[in-house]
Amino acid sequence: MKEVYINKISKFLPNRPISNDEMEEKLGTINGKTSKGRRIVLRNNKIKTRYYAIDDNGNITHNNAQLTKEAVVALCDADFKAEDIELLSCGTSSPDQILPSHAAMVHGFLKNGNLEINSPSGACVSGMNALKYGYMSVKSGETKNAVCTGSERTSSWMMSDTFEEEVKHLETLEDNPILAFNKDFLRWMLSDGAGAFLLESEPKGNHPLKIDWMEGYSYAHEIEACMYAGGDKLEDGFLKPWSEYPSDQWSKKSLFAMKQDVKLLSENILVKGVDSLKMAIAKHDLKPEDIDYYLPHVSSYYFKDSLYKEMVAQGVEIPWENWFMNLSKVGNVGAGSIYIMLEELANSGKLKKGEKILLSVPESARFAYAYALLTVC
């Protein structure tokens, strides 16, 4: 087996940072009314700026595959060209279409010759699954390199016109229609962007990062769907897919919008997160005090203190001073967040040879978690 190194990291954040006060102007008001939940959600998540693939005139500037392509191109230079990529592995929660796959569309924009592609589906963990596929390919010697990405373009999913038909339908049923909180909630949480890693079997560059191990855990056998799109959750928790609804119901129920069961999220995301963290570090005999940098992808700063308290309660405390996050500046980029977070840390000038970095990524879709331990070389 080969060793695997992250030798280059890049990111692409579209257009300019968008402040909290500009969000509703960008995404639009629903039924002409300002969201009642917006200020509550923003106060809790503490995100100050985020990025949208929407220009100041309201025009969409990039789709998801185009964002991802830009991040991949940013990895390339005279020493490593796009034509040198042997494997392209791309994770996202928000593909531009059902078919073709996200990685196929990114490859189409790159136009860089034949290569292997991989498109893991899912939510935030899809970015880590993309990384693990590349890691295993290089480690096994199947390929000499792999480019792995995580990206999202959720802004277009959150725009007000997505919900117009549903609100019109509600107006026929009630006097004061309002969008359900499980749909409105995510409008104030998500951001657009992409990140990319170049994996190779030999260390290169100023501070290559060796991937020591990767682990993943799913709790779908225990818990019903929490975050979902392309379907609707029935009262018994069953997720009924869009393909089983008449087409005239697709817009009336906003079936393709992302939705979040907030109660289910708060009850499970932290407990299962620390439970899976304990399993991962115990398997590899890693002690919390051995971790120099802990990079947790959290959707909201609301969870930060509670996550720390849950760690203390379960005996896996990682000190505050070892945490590294950039959520407040770039927003929640879902599958791309961990890539963008590591890019900032790697370029901070703080890293020293031998330091250990733990990547921690949860997803609430049906509660899955992924981890990777890196060593600075």
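Residues numbered from 1 in each chain as written. Predicted model: local features only at pLDDT ≥ 70, side-chain atom pairs only at ≥ 80, totals over all residues. Heavy atoms only, no water.

Undergrad: Explain the overall build of the chain to me, please; I cannot follow it from the model alone.
TA: In terms of helices and strands, the chain carries 13 helices and 15 strands. Compactness check: the chain gives a C-alpha radius of gyration of 20 Å against a globular reference of 21 Å for 377 residues, within 12% of the reference. Expressed as lengths along the three principal axes of its C-alpha atoms, the size of the chain is roughly 65 × 50 × 40 Å. Considering the chain as a whole, with its 377 residues, one finds that 55% of them fall into the buried category. Residue pairs at least 24 apart in sequence account for 80% of intrachain contacts in the chain once pairs closer than 6 positions are excluded. Within the structure as shown, the chain displays about 16,500 Å² of accessible surface, and the carbon and sulfur contribution to it stands at 50%. (Helix = DSSP H or I, 4+ residues; strand = E, 2+ residues; numbered from the N terminus. Rg over C-alpha atoms; globule rule 2.2 N^0.38 Å. Buried < 20%, exposed > 50% of the residue type's maximum accessible area, 1.4 Å probe, protein only. Contact = heavy atoms within 4.5 Å. Areas by Shrake-Rupley, 256 points an atom, 1.4 Å probe, with all protein chains shown as cover.)

Undergrad: Looking at this model, I keep getting lost on the packing of helix H3 (residues 64-73) against helix H4 (residues 102-110). Mind explaining?
TA: Working note: a packed helix pair is described by the angle between its axes plus the distance between those axes. Where H3 meets H4, the axes come as close as 9 Å, and the angle between the chain directions of the two elements is 60 degrees. By the angle between their axes, H3 is oblique relative to H4. Classified by chirality, the crossing of H4 by H3 is right-handed. From H3, Asn64, Ala65, Gln66, Thr68, Lys69, Val72 and Val73 reach across to H4, where they touch His102, Met105, Val106, Phe109 and Leu110. Considering only residue class, the contact of H3 with H4 consists of seven nonpolar, four polar and one charged. (Axes fitted to C-alpha atoms, helices over the stretch in contact; angles between N-to-C directions. Parallel < 35°, antiparallel > 145°, perpendicular 65-115°, else oblique. Left-handed = near helix turned anticlockwise from the far one by under 90°. Nonpolar A, V, L, I, M, F, W, Y, C, P; charged D, E, K, R; others polar.)

The values reported here are purely geometric and, on their own, carry no functional implication.
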